[in-house]
Amino acid sequence: MSTSTYFAGSAAPGETPRTPRGVPHRGGEPNPSAGALQARFPGAVQRVDVVWGETTVVVDAAQVLDVVRWLHDDPQQRYELLADVTAVEFRDPEQPLEVVWHLRSLAYRRFLRLKGLLTKGAPLRVPSVWPIYKSADWLERECYDMFGITFDGHPDLRRILMWEGYREGHPLRKDFPLRGRFSRSEQLRQTLAANPEARYSMEELTIAEAFTELPLEVRKRLAGGERTGE
Amino acid sequence: MATTKRTVEVAVATAGMGPDGRLQRTPLGMGADGTLVAPEVEHGYPPELGGEHMLINIGPQHPATHGVLRLVLELDGETVVRCIPHVGYLHCGFEKIGEYRQYNQIIPWTDREDYLNSPGNNCAFALGAERLFGIEITPRCTVLRVIAMELSRIMSHLVWMGTTGIDIGAFTPFLWLFQERERIYDLFEQWIGARLTTSLTRVGGMGADLPAGWTNMLEEFIRTFPKTLDEADRMLTKNAIWVGRTVGIGALTAEEAMNHGLTGPMVRASGVAYDVRKDFPYLDYETYDFDVPVGTRGDVYDRYLVRLEEMRQSVRILKQALERLPEGPVNVADPRVILPPKHKATSEMESMIHHFKVVMEGPRPPVGEAYVAVESPKGEKGYYMVSDGTSKPVRWRIRPPAFVNLSAIPKMVEGHLLSDVIAINASIDIVMGEIDR
């Protein structure tokens, strides 16, 4: 434990970062990593925007894993922190869905936003960045839960905030109903009819005696690969 | 048989003196002939308790899970083999609600996610919205927000320290620390009228300026608070039980912590000096003189030390903020977002129309997006807002630090004892309102 005066990453530049002032709406100095990305992945980078001083690089969603791996590993970039994975759906139904990755390089004190565009109507699939950042685990699960985007290569893509058996869709999509589809009495009926074994996931039910204590019929269904949930 | 990270010392066989010159205590069992004999155990390993694994469910209704967290644990004896966390019991769809609210109407919702840090969330949201509107706040407002954010950091850390103490078995510091927290709540009550759900800020300014005499109350708090902190420090830092329960527990290396996306005191305890206030400053934090405490072991004990020191550093910042607090307007002179004075709105037609339009239609930021992160007591709290030019955001995303910190809990608890799960879970400083949103 040391209360040292501050030191950042090993390759921190000498100058102290300052609170941004007078940031223009559009334009301004882009993050140097954007140019490096364009040089390294000319096919994948579709657009570079600077909005309110933050650099956004729109990349081909299918190649995002390679892009992110390079950003993480390259000694000139060192984006070691994946701050956030999320998605944006616009009110205009024609506009594509955007998957957003927020990356931070602590060594160079840079912030970079990656975006992948997913056309509506086509399957919503992007590669998972979990092999590089373990923090993507829950963030991608939440994004899947809320938007229905499938992250290929994620080891355990389940719902996280909603429960596993939730069948009403994905809450943050614009077509999600705001008032619910069922009456209160129907909701109550469904809750009471829920399967008790739905409290545990398949994985958990395999532990120790929990599995053998279940009714035979339930065991058969679980062994047949059925997922739990009401 | 899983290996335990803490070896359970079992003293064996020969009665008499140990190497330290004291009488050795020998655990005894019953032999076949009815005599008491020492059990045959290999030194340094816990006795084999059979290969059966057990499924243990903790929560969601459990006092040590700090809300409605549920952990499903697979145990081998007392050792955790696997931990499967479940969240979402408190999900209320804050982000969805935000898409149907004007920017100023979202501020009360930020009170309710991380409810131990309401003023800090208010300031963070206002900063994000101001970036989206392209507004520069006044110098007085900047310093007022620093005061609010540091007070709320102390407030949140006090709750953390008190409740973690209770989880590990120390009750007294809880009472002392909550008395101090009560004084901060009194300060906020004087300032804005609310204690827990403060809604302190507005886009472009604050809900209220400081009342007369408030700075004297804050000075009094700054003068007396470190004494209580020192008392709690003396109660815990060298306490044998506290040290025994926390040192070496739930340790993460700097690389692991970074890779799991940990931020705030969690990552700093592992030795990474990442503090948003220093690395990506806001509210002129680069002009304040304060240090960032950094741990070395990355265990529960270091997380405690880091948070303890952070409170002292917050007091330092508060002192400097009070010294430099400038006079002047609190709200920006921008009629797009700021209401006209009340007496004008009730007496002049133009001001009344202005008031009506700001309230009913709401301010409209230009098309764009902004991600503004601040150093909340839990870590990097980010608000990501996307505007399509209307008065309500298309997307309002909360980057919850405790959510990402909690996702590393299987990594931290596996291999530890069941009782350590409680200590590790406490050390993450979770607030389920923020995790489930």
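Shown above is the structure to which this text applies.
Residues numbered from 1 in each chain as written. Chains lettered and ligands numbered in written order. Predicted model: local features only at pLDDT ≥ 70, side-chain atom pairs only at ≥ 80, totals over all residues.

(A) Expanded view of the overall build of chain B. Each helix and strand counted, chain B has 17 helices and 10 strands in total. Burial statistics for chain B: of 437 residues in total, 50% are counted as buried. Long-range pairs, those at least 24 residues apart, make up 68% of the contacts in chain B with a sequence separation of at least 6. (Helix = DSSP H or I, 4+ residues; strand = E, 2+ residues; numbered from the N terminus. Buried ≥ 20, exposed ≤ 12 C-beta atoms within 10 Å, placed from the backbone. Contact = placed C-beta atoms within 7 Å.)

(B) Fine view of helix H6 (residues 214–236) of chain B. Taking 1.5 Å as the rise per residue, H6(B) with 23 residues should run 33 Å; its terminal C-alpha atoms sit 32 Å apart, in good agreement. The inward-facing, buried residues of H6(B) abut helix H4 (139–168), helix H5 (172–192), helix H7 (240–246) and helix H11 (300–324) of chain B. (Expected span 1.5 Å × (residues − 1).)

(C) How the structure looks around helix H2 (residues 103–113) of chain B. Residues and elements named next belong to chain B. Burial of H2 is extensive: eight of the 11 residues sit out of reach of the surface. For H2, every residue scored as buried is listed here: Tyr103, Asn104, Ile106, Ile107, Trp109, Thr110, Asp111 and Glu113. Lining the buried residues of H2 we find helix H1 (94–98), helix H3 (118–133), strand E6 (201–202), strand E10 (395–399) and helix H17 (432–436).

(D) A look at the sheet that holds strand E8 (residues 368–376) of chain B. All names here are of chain B. Strand order in this open sheet of three strands is E8-E9-E10, and the pairing throughout is antiparallel. Edge positions in the open sheet fall to E8 and E10, since each of these has one partner strand only. Averaged over neighbouring strand pairs, the angle between their axes works out to 10° when direction is ignored. Here strand E9 (residues 379–387) runs beside E10; their pairing, made up of five bridges, is antiparallel. Bridge pairing links Val386 to Arg395 in E10. The strands touched by H3 within the sheet are E8 and E9, with E8 carrying the most contacts at an inclination of about 155°. (Pairing = 2+ DSSP bridges. Axes fitted to C-alpha atoms, helices over the stretch in contact; angles between N-to-C directions.)

(E) View of the interface of chain A and chain B. Contact with chain A, which involves 49 residues of that partner, is made by 57 residues of chain B. Looking at the side of chain A that touches chain B, the elements with two or more residues in it are strand E3 (81–88), strand E5 (110–118), helix H3 (136–147) and helix H5 (202–205) of chain A. A per-element tally of the side of chain A that touches chain B places E3(A) first, with six residues.

(F) The nonpolar core, seen in detail. Counting residues in each nonpolar core, the largest one holds 159 residues, and the members touching the most others are A:Leu82 and A:Ile149. A total of 13 residues in this core trace back to one element, the largest contributor, which is H4(B). In this structure, A:Leu82 is in contact with A:Trp101, A:Leu103, A:Val129, A:Tyr133, A:Ser135, A:Ala136 and B:Gly261, ignoring residues within four places of it in sequence. (Core = buried A, V, L, I, M, F, W, Y, C linked by C-beta atoms within 7 Å.)

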